[in-house]
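One-letter residues, chain by chain:
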Amino acid sequence: MTASQRIVILNSKGGCGKTTLATNLAAYYAHHGFKTALLDYDPQGSATFWLSKRPSTRAKIQAIPAYKYSHSVTRSWFLRVEPNTERIIVDSPAGLEMSGFQQLLDKADAILIPVLPSDIDIHAASHCIADLLLVAKQHRRRQRIAVIANRVRKNLLVYQKLERFLKSLGIPFVTTLRDTTLYVQAADQGLGMHELHSYRNRDDLDSWQHLITWLDQLEKNESRRDDSAG
Ligand SMILES: Nc1ncnc2c1ncn2[C@@H]1O[C@H](COP(=O)(O)OP(=O)(O)OP(=O)(O)O)[C@@H](O)[C@H]1O
Ligand SMILES: [Mg+2]
């Protein structure tokens, strides 16, 4: 059986880019030949809607609309991924609290927190991260959390504050994603940034590569740990 990497996108603050990150990451992995599933825990169903628009000619992504779960079937059956799935991307809703974190964190290999460059968003993110760390501490998974600055127009001073805060907690700030309508254009077609044929998105692909490299490294460390554990 192939080992899978489960990547959870989380931030209680609405509109910070959770679904954009989830859909682009799912599209990235599928496009690069990984068997991928997209779990949507948001009752708004945005990630599921994006997937419904995905052309059948594009690399397939398994849709799991977790938010539709009802008790008529067992939960594990409803949420099951196809055999040999290599990447499981989890989109979560805004307004999630500690108990929700607990459930999502349970099987997470990586937790990504997108943050917008405003004082209010950074303030909200720091509360969310503090809560998350409390839960993560119980799971001993602190090193698997990373923050992504989203919708950045230029190098903003406001991030220095966030960077200092993250540094004090030992959480990496893995990449910065630009504010660009290319994300909207890709989403409208059920695609990810990596599937657009645009000369305009080269810098964006570099930014994505930082995140992918961090996730790859995490997976390597994990398999090394598994090997040494026996
Ligand atoms: N880097 C970006 N550049 C341009 N537009 C973006 C970018 N990231 C997100 N957006 C846009 O911002 C809006 C909110 O993004 P998104 O839906 O991904 O946030 P969210 O955190 O999932 O929101 P919610 O909390 O409601 O689920 C969307 O219209 C999306 O297209
Ligand atoms: Mg969303």
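Being a predicted model, the structure only gives us computed values, none of them experimental.

Participant: In this structure, what is going on with the overall build of the protein? I would like to understand it.
Facilitator: When you go through the protein residue by residue, the secondary structure sums to eight helices and seven strands. Relative to a compact globule of 230 residues, whose C-alpha radius of gyration would be 17 Å, the protein shows 17 Å and is just as compact. Along the three orthogonal principal directions, the C-alpha set of the protein runs to about 45 × 45 × 35 Å. Of all 230 residues assigned to the protein, the portion counted as buried reaches 37%.

Participant: I'm lost on helix H1 (residues 18-31) in this one. Help?
Facilitator: Since there are 3.6 residues in each turn of an α-helix, residues three or four apart along the chain are aligned in direction. Here H1 contains 14 residues, and its C-alpha end-to-end distance of 20 Å stays within 8% of the 20 Å for a straight helix at 1.5 Å per residue. The element H1 is largely enclosed, with a buried count of 13 among its 14 residues. Looking one or two residues past H1, Gly 33 carries a phi angle of roughly 90 degrees, positive in sign.

Participant: What exactly am I supposed to notice about the nonpolar core here?
Facilitator: What tends to happen in soluble globular proteins is that the nonpolar side chains get buried as a cluster. Grouped together as the largest cluster of nonpolar side chains are 57 residues, with contacts concentrated most on Ala 26, Leu 38, Leu 39, Ile 89, Val 90, Ile 111 and Ile 113. With eight residues, H1 is the single largest residue contributor to this core. Beyond its immediate stretch of four places on either side in the chain, Ile 89 contacts Ile 7, Ala 22, Leu 25, Ala 26, Thr 36, Leu 38 and Leu 39.

Participant: Explanation requested: the sheet that holds strand S2 (residues 36-40) in the structure shown.
Facilitator: Sheet strands pair via backbone hydrogen bonds, and the direction of the pair is either parallel or antiparallel. Ordered by their spatial adjacency, seven strands build an open sheet running S3-S2-S4-S1-S5-S6-S7, and the pairing between neighbours is parallel. Every interior strand has two partners, whereas the edge strands, strand S3 (61-64) and strand S7 (173-178), have only one. When strand polarity is set aside, the average angle formed by the axes of neighbouring strands in this sheet is 20 degrees. Two strands pair when backbone bridges link them, and S2 and strand S4 (residues 87-91) are joined in this way by five bridges, in the parallel orientation. Its bridge partner being in S4, Ala 37 is matched across the sheet by Ile 88.

Participant: Please explain unusual backbone geometry as it appears in this structure.
Facilitator: Excluding glycine, a negative phi dihedral is what most residues carry, and trans is how most peptide bonds are arranged. One non-glycine residue, Asn 84, lies in positive phi territory at about 65 degrees. Mapped onto the fold, Asn 84 is located in the loop between helix H3 (75-78) and S4. On the neighbour-count criterion, Asn 84 (10 C-beta atoms within 10 Å) is exposed. Here Arg 151, not a glycine, exhibits a phi torsion of approximately 60 degrees, which is positive. Considering the arrangement of structural elements, one finds Arg 151 in strand S6 (residues 145-152).

Participant: Even after reading the chapter, I still don't get the pairing of strand S5 (residues 110-115), so can you show me in this structure?
Facilitator: Two faces make up the sheet, and in a regular strand the side chains alternate between them. Taken across its six residues, S5 has six buried, putting it largely inside the fold. Here S5 shows no split at all, with Ala 110, Leu 112 and Pro 114 on one side and Ile 111, Ile 113 and Val 115 on the other all buried. Here strand S1 (residues 5-9) runs beside S5; their pairing, made up of three bridges, is parallel. Bridge assignment links Ile 7 to a residue of S5, and that residue is Ala 110. As judged from the five bridges shared by S5 and S6, these two strands associate in the parallel manner. Residue pairing across strands places Ile 111 opposite Ile 145, the latter belonging to S6.

Participant: Just checking my understanding: could you explain the site of ligand 1 for this structure?
Facilitator: Neighbouring ligand 1 are 18 residues, the closest being Gly 14, Lys 18, Thr 19, Thr 20 and Ala 94. Contributing elements (two or more residues each) for the shell around ligand 1: H1, S6 and helix H7 (181-188). Of the residues belonging to the shell around ligand 1, the class tally is six nonpolar, eight polar and four charged.

Participant: What's the story with the pairing of S3 in this structure? I'm lost.
Facilitator: As defined by bridge partners, S2 adjoins S3 across four bridges and the pair is classed as parallel. Within S3, the residue paired with Ala 37 across the bridge is Gln 62. You can see the chain leave S2, run along helix H2 (residues 46-52) and come back into S3, and the turn it takes is right-handed.

Participant: Sorry if this is basic, but what is going on with the environment of Asp 119 here?
Facilitator: With respect to the helices and strands, Asp 119 occurs in helix H5 (residues 119-139). Accessibility expressed as a C-beta count within 10 Å gives 10 for Asp 119, which makes it exposed. Along the primary structure Asp 119 and Leu 162 are separated by 43 residues, whereas in three dimensions their C-alpha atoms are 9.2 Å apart.

The rules behind the values
- Residues numbered from 1 in each chain as written.
- Chains lettered and ligands numbered in written order.
- Predicted model: local features only at pLDDT ≥ 70, side-chain atom pairs only at ≥ 80, totals over all residues.
- Helix = DSSP H or I, 4+ residues; strand = E, 2+ residues; numbered from the N terminus.
- Rg over C-alpha atoms; globule rule 2.2 N^0.38 Å.
- Buried ≥ 20, exposed ≤ 12 C-beta atoms within 10 Å, placed from the backbone.
- Expected span 1.5 Å × (residues − 1).
- Core = buried A, V, L, I, M, F, W, Y, C linked by C-beta atoms within 7 Å.
- Contact = placed C-beta atoms within 7 Å.
- Pairing = 2+ DSSP bridges.
- Axes fitted to C-alpha atoms, helices over the stretch in contact; angles between N-to-C directions.
- Near = placed C-beta within 6 Å.
- Nonpolar A, V, L, I, M, F, W, Y, C, P; charged D, E, K, R; others polar.
- Right-handed = clockwise from strand over helix to strand, strands pointing away.

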